[in-house]
Amino acid sequence: MTTTNVARLLKQSDIPFDLLSYPVDEQDLSVQNVARKISYPLSSIFKTLVLETDAHQYVFAVISGEEEVSLKAVARAVSAKKTHLVPMKDLKQLTGYIRGGVAPIGAKKPFPVLLSDSALNQEFIIISAGKRGLQVKLAPDDFLRFTNGIVFMNR
């Protein structure tokens, strides 16, 4: 199986994880489709969104597949007045990743990481491994420790 920066970095740090693969459907990169293909509940699949604050700072918001991001909650968590989603066309330049493969680990630049408090109810979370068709499954505490992430209430 192909390895990715995400898997390599987690392995180097002795963070336990499982690498999960699935066939990519370029027409449907949704979190719902990923959940179906890897046979895990939507509540355990976490998507990574890249947001920009009014002060032109970037942040990764990692939220459950069941959630929609609250721009106000992200702004509160990073002490900003406003945030907005980064346009898809800018993702690769900012992170090194493309839509459907954005990960908060191994990105070109280390942006602050926010993890939805819904992850605290999970034994594990599944996030992108940095490439379409690959996901990593790991404990939320390990994820937070590795990324120096903070938990935020996404509401």
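Description of the structure in this document. (Residues numbered from 1 in each chain as written. Predicted model: local features only at pLDDT ≥ 70, side-chain atom pairs only at ≥ 80, totals over all residues. Heavy atoms only, no water.)

**Things to note about the sheet that holds strand β5 (residues 113–116)**
Here's step 1: The 5 strands lie next to each other as β4-β2-β3-β5-β8, forming an open sheet whose pairing is mixed. Every interior strand has two partners, whereas the edge strands, β4 (83–85) and β8 (150–152), have only one. Ignoring which end each strand starts from, the neighbouring axes of this sheet average 35° apart.
Here's step 2: Here β5 pairs with β8 via 3 bridges, running parallel. Looking across to β8, one finds that S116 is bridged to F152. (Pairing = 2+ DSSP bridges. Helix = DSSP H or I, 4+ residues; strand = E, 2+ residues; numbered from the N terminus. Axes fitted to C-alpha atoms, helices over the stretch in contact; angles between N-to-C directions.)

**So, helix α1 (residues 5–12)**
Here's step 1: All of the buried residues in α1 are V6, A7 and L10. Axial view of α1: buried residues confined to an arc of 95°, hence all on one face.
Here's step 2: Looking at the packing, one finds that the buried side of α1 touches β1 (18–21), β6 (125–131), β7 (134–138) and α5 (140–147).
Here's step 3: Just downstream of α1 lies D14, where phi reads positive at about 55°. (Buried < 20%, exposed > 50% of the residue type's maximum accessible area, 1.4 Å probe, protein only. Arc of directions from axis to C-beta. Contact = heavy atoms within 4.5 Å.)

**A word on the sheet that holds β7**
Here's step 1: Taking strand neighbours across the sheet as the criterion, the 3 strands line up as β1-β7-β6 in an open arrangement whose pairing is antiparallel. With partners counted over all chains shown, the strands left at the sheet margins are β1 and β6, one partner each. Looking at each pair of strands side by side, their axes are set apart by 35° on average, direction ignored.
Here's step 2: Bridge analysis of β6 against β7 gives 5 bridges, and the strand direction is antiparallel. Bridge pairing in β7 places I127 opposite V136.

**Some thoughts on the pattern of salt bridges**
Here's step 1: This structure, assessed with the given rule, holds 5 salt bridges.
Here's step 2: Residues D28 and R36 are paired through a salt bridge, measuring 3.7 Å at the closest nitrogen-oxygen approach.
Here's step 3: Judged by relative accessible area, which is 27%, D28 ranks as partly exposed.
Here's step 4: Residue R36 is classed as exposed on the basis of its relative accessible area of 54%.
Here's step 5: For D117, the salt bridge is made with R155, and the minimal N-O distance between the two is 2.7 Å. Of this pair, D117 sits in the loop between β5 and β6 while R155 sits in the segment after β8, and the two are 38 residues apart along the sequence.
Here's step 6: D117 sits in the buried class, given a relative accessible area of 16%.
Here's step 7: When its relative accessible area of 56% is taken as the criterion, R155 is described as exposed. (Salt bridge = Lys/Arg side-chain N within 4 Å of Asp/Glu carboxyl O.)

The values reported here are purely geometric and, on their own, carry no functional implication.
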